[in-house]
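# Close look at the chain arrangement
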Amino acid sequence: MSKVVNFSMANRGEVARFAPARDLTADEMRRLGTMREKARARQDDLDAQGVDWGLSVQDALEELIAGRADSPADYAGCAYYAALQIIIDHNASDPSTLGSYRSPVTYFSALDDALSAAGVPADLLPWQYVFSGPPSEIGFRIPRPLEGSPEIGCWPLAKAAPAVEAYRAVLDRIDADLRYDLEELTKALDEWSSEWVDGQGAWWWAEDGSIFFSITG
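In what follows, the accompanying structure is described. Counting restarts for each chain, with residues numbered from 1 along the sequence as it is written. Thresholds applied to this predicted model are a pLDDT of at least 70 for local features of residues and 80 or more for the giving and counting of side-chain atom pairs; totals over whole chains, interfaces and linings are not thresholded and use all residues. Heavy atoms from the whole structure form the basis of all side-chain values; hydrogens and water molecules are not counted.

Moving on, we come to the overall build of the chain. Helix and strand assignments follow DSSP, with helices taken as H or I runs no shorter than four residues and strands as E runs no shorter than two, numbered in order from the N terminus. Along its length, the chain carries 8 helices and 4 strands. When the helices and strands of the chain are placed in sequence order, the string is β-α-α-α-α-β-α-α-β-α-α-β. Radius of gyration here is computed from C-alpha atoms only, and the compact-globule reference equals 2.2 Å multiplied by the residue count raised to the power 0.38. Relative to the compact-globule value of 17 Å for 217 residues, the chain shows a C-alpha radius of gyration of 18 Å, a close match. Expressed as lengths along the three principal axes of its C-alpha atoms, the size of the chain is roughly 50 × 45 × 25 Å. Only protein chains enter the accessibility calculation, which uses a 1.4 Å probe. A residue is then buried if its area is under 20% of the maximum for its type, exposed if over 50%, and partly exposed in between. When each of the 217 residues of the chain is scored for burial, the buried share is 49%. Of all intrachain contacts in the chain linking residues separated by at least 6 positions in sequence, the fraction that spans at least 24 positions is 71%. Contacts are assigned to residue pairs with any non-hydrogen atoms lying within 4.5 Å of each other.

Given below as structure tokens:
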């Protein structure tokens, strides 16, 4: 079964405003109501599939907005990450798909090895940001899913341009089996980084603009 890697752009601070959710504006309260509806719909879908994480997505969302994630259920991390992805989605651009992979961990590990061997610095290798977990602005620990799905990652757009330059410099030295997806990743980073840089000073621009990754399946 393949897993899909999607990405979108959001400001880390706006995401963290809902975990915990305090002193929300009228617009943020409206978005929170929509998030709750989405969480119920996500749980209905899981119920229809017979999937039981030991914590419902609705309850996971309520815990996150209360500033905690302390359920003892073995698969609670899945519910928390599903709920957090709902928060991200309601504060982000429309998502795009990077690719579908039988094992994203295997692919990005191999890509890291290839890029490192070609001379790309360790702080620009992709595994670390595709699988980074929740943004550090969320000040409490959210347990990871036991089996790595769903997964979340984020990376500051300020770091994207150096990565694009480094990846393009070594692209012709990367194994053909890895090259196409590296080109797609490079294109995605370049497009968002360029838009972010060009938009500096615009009403929507923020220093903490980041690319968020999600892995589902």
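Below, the discussion takes up the nonpolar core. Ranked by size, the top nonpolar core spans 37 residues in total, and within it Phe108, Leu115, Tyr167, Leu189 and Phe213 carry the most contacts. When residues of this core are traced back to their parent elements, those giving at least two are strand 1 (3-11), strand 2 (96-101), helix 5 (104-117), helix 6 (127-130), helix 7 (160-170), helix 8 (176-198) and strand 4 (209-216). Ranked by residues supplied to this core, first place goes to helix 8 with 7 residues. In contact with leucine 189, other than residues within four places in its own chain, are Tyr129, Trp155, Ala160, Ala163, Val164, Tyr167 and Ile211. Ranked by size, the runner-up nonpolar core spans 35 residues in total, among them Ile65, Ile88, Ile142 and Ile152. Note on terminology: a nonpolar core comprises buried Ala, Val, Leu, Ile, Met, Phe, Trp, Tyr and Cys residues joined through side-chain atoms within 4.5 Å.

Position of aspartate 112 relative to the elements: it lies in helix 5. Dropping the residues within four chain positions of it, aspartate 112 is found in contact with Leu125, Pro126 and Trp127.

Right, let's get into the pattern of salt bridges. Within this document, salt bridges are pairs made up of a side-chain nitrogen of Lys or Arg and a carboxyl oxygen of Asp or Glu, the two lying within 4 Å of each other. Inspection of every chain in the model, using the stated rule, returns 11 salt bridges. Note that arginine 42 is salt-bridged to aspartate 45, the shortest N-O span being 3.9 Å. Of the two residues, arginine 42 and aspartate 45 both sit in helix 2 (residues 26-49), 3 residues apart, roughly one turn of that helix. Assessed through its relative accessible area of 28%, arginine 42 is described here as partly exposed. Arginine 68 is paired through a salt bridge with aspartate 70; the nearest N and O atoms lie 2.6 Å apart. One continuous salt-bridge network, built from bridges that share partners, spans Asp27, Arg30 and Arg31.

As far as function goes, none of this settles anything; it's purely spatial.
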